[in-house]
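These are the residues of each chain, in order.
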There are 2 protein chains.
Amino acid sequence: MNNAKSPDQGNRTGLTIVNTGEGKGKTTAALGVVLRAWGRGYKICVIQFIKAKTGQWGEIKAAKKLGIEWYTTGDGFTWLSKDMDETTARALHGWEIAQGKIASGEYDLIVLDEFTYPMHYGWLKTIEVIDWLHANKPKGLHLIVTGRYAPPELIEFADLVTEMTPIKHPYEKGIKAQPGIEF
Amino acid sequence: MNNAKSPDQGNRTGLTIVNTGEGKGKTTAALGVVLRAWGRGYKICVIQFIKAKTGQWGEIKAAKKLGIEWYTTGDGFTWLSKDMDETTARALHGWEIAQGKIASGEYDLIVLDEFTYPMHYGWLKTIEVIDWLHANKPKGLHLIVTGRYAPPELIEFADLVTEMTPIKHPYEKGIKAQPGIEF
């Protein structure tokens, strides 16, 4: 499990970081860490739990160019989904991929984007997720979880938790989401 | 001023985005937008007002590899600096560079990292900065300003303002800042 692949993985303290809250910047700040980590030659994997698979996201275009591993396990289905079996199955599938990547010990940074939702909505049991992480997360691995409604058990487990709060939003002025900025 | 260089600059609404607050993720979320924008082939410039020039930051290593224009106009001097002439001169110099880049109309995204501090501490007059932006910011340019203590006039001018609030921080547990994650 400790096949250290980057020069300093052996000595470092891998952080569990949670970006939560109602504001913008949760996924975006995770992407900023991806950029930093990529700049240092770290091995990175991003797993997105809610967003649909499409090549149209700026971050996915960037990840492809940079050779960053990227999985989208959602299909745009949301917590309002009418087909909960499908939604739950997708969350479980995403978590299985994540478990494999985490336990492999091969990564420096793993991002679980919008992973709070499967826990918050009960598609995955939070306590089981946290127990599994306690037992299996390599010490040197940096793990980032994003999404609203971060469960208390996850916040307890995490090292660094930031809440993003909206102060002013362009939708209020009728400005639509802008490519390259919000996606 | 409107030499549109990217396919959609002509039609789009350039956003002014402010990431402020006491929490982590202000610069990092700006970097996430940089990654997205780079993924779309946008022309990007980052100007850092406080951080010292060093190749040791993960984001600077990444920017070099990606061909993103990057200026560090600070030298690590802070608002506690004892040589305020030097500190003020550096802020003015950074703002001059920024004005040139903004007014050129050649960029899709410009990041003014930690640009709130020169305004908050009075090294630059906020009202003059905002007046200049009103007159000179190209309509299609996305502009991001980061840093604590965003002045009210800047928030008024901005389209999207997010406050990052610390909920839990690893320093509390005695864990040091980690390369690839925080820098």
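By convention here, each chain's residues receive numbers from 1 onward along its written sequence. Written order determines the labels here, with chains lettered from A and ligands numbered from 1. Local features in a predicted model are, by the rule used here, given only for residues with pLDDT of at least 70; side-chain atom pairs are given and counted only at 80 or more, and totals for whole chains, interfaces and linings are based on all residues.

Superposing copies: least-squares fit, C-alpha atoms only, residues required to have pLDDT of at least 70 in both. With an axial shift of 0.0 Å and an RMSD of 0.0 Å, the rotation relating chain A to chain B amounts to 180°. What the superposition gives is, in effect, a two-fold axis relating one chain to the other. Both copies share a contact surface, since 100% of the interface residues of chain A are interface residues in chain B too. Any pair of residues counts as being in contact when their C-beta atoms, constructed from backbone geometry, are within 7 Å of one another.

Quite often, the size of an interface is put as the accessible area lost when its parts meet. At the junction of the two partners, chain A supplies 49 residues and chain B supplies 50 residues. Think of it as three bins: nonpolar holds Ala, Val, Leu, Ile, Met, Phe, Trp, Tyr, Cys and Pro, charged holds Asp, Glu, Lys and Arg, and polar takes everything else, Gly as well. When its residues are assigned to classes, the side of chain A that touches chain B shows 23 nonpolar, 14 polar and twelve charged.

Moving on, we get to helix α3 (residues 84-104) of chain B. All names here are of chain B. The helix count covers DSSP runs of H or I at least four residues long, the strand count covers runs of E at least two residues long, and both are numbered beginning at the N terminus. Here the expected length of a helix is defined as 1.5 Å per residue gap, with one fewer gap than residues. Helix length check: α3, at 21 residues, gives a terminal C-alpha distance of 30 Å against a target of 30 Å (1.5 Å per residue), a fit within 8%. Buried residues of α3: Thr-87, Arg-90, Ala-91, Gly-94, Trp-95, Ala-98 and Ile-102, and no others. For α3, the buried positions fall inside an angular range of 130° around the axis, keeping them on one side. Among the exposed residues of α3, those pointing more than 90 degrees away from its buried face are Asp-85, Glu-86, Glu-96 and Gly-100. Looking at the buried side of α3, the elements it contacts are β2 (44-48), β4 (109-113), α4 (116-120) and α5 (126-136). Looking one or two places after α3, you find Gly-105, whose phi comes out positive at around 70°. Neighbour density around each residue's C-beta defines its exposure: 20 or more other C-beta atoms within 10 Å make it buried, 12 or fewer make it exposed, and counts between make it partly exposed, where C-beta atoms are placed from the backbone. The directions from the helix axis to the C-beta atoms are what the arc is built from.

On to the nonpolar core. The nonpolar side chains of a soluble globular protein tend to be buried with one another. Membership of the largest hydrophobic core comes to 96 residues, with the highest contact counts inside it found for Val-34 and Ile-44 of chain A together with Val-34 and Ile-44 of chain B. Residue contacts for Ile-44 of chain A: discarding those within four places in its chain leaves Val-34, Ala-37, Trp-38, Ile-68, Glu-69, Tyr-107, Asp-108 and Leu-109 of chain A. Among buried residues, those of type Ala, Val, Leu, Ile, Met, Phe, Trp, Tyr and Cys that are joined through C-beta atoms within 7 Å form a set called a nonpolar core.

This paragraph deals with helix α2 (residues 58-66) of chain A. Of the positions making up α2 of chain A, those classed as buried are Gly-58, Glu-59, Ile-60, Ala-62 and Ala-63 of chain A. Phi turns positive, to about 75°, at Gly-67 of chain A, one or two residues after α2 of chain A.

This brings us to the packing of helix α1 (residues 26-39) of chain A against helix α1 (residues 26-39) of chain B. At a closest axis distance of 6 Å, the pairing of α1 of chain A and α1 of chain B adopts a crossing angle of 75°. Classed by the angle they form, the pair α1 of chain A and α1 of chain B counts as roughly perpendicular. Between α1 of chain A and α1 of chain B, the residues in contact are Thr-28, Ala-29, Ala-30, Leu-31, Gly-32, Val-33, Val-34, Leu-35 and Arg-36 of chain A and Thr-28, Ala-29, Ala-30, Leu-31, Gly-32, Val-33, Val-34, Leu-35 and Arg-36 of chain B, respectively. Classifying every residue of the contact of α1 of chain A with α1 of chain B gives twelve nonpolar, four polar and two charged. Interaxial angle, 0 to 180 degrees, is taken between N-to-C directions of lines fitted to C-alpha atoms, where a helix line uses only the stretch in contact. Working rule for angles: under 35 degrees goes down as roughly parallel, over 145 as roughly antiparallel, 65 to 115 as roughly perpendicular, anything else as oblique.

Keep in mind these numbers describe shape, not what the thing actually does.
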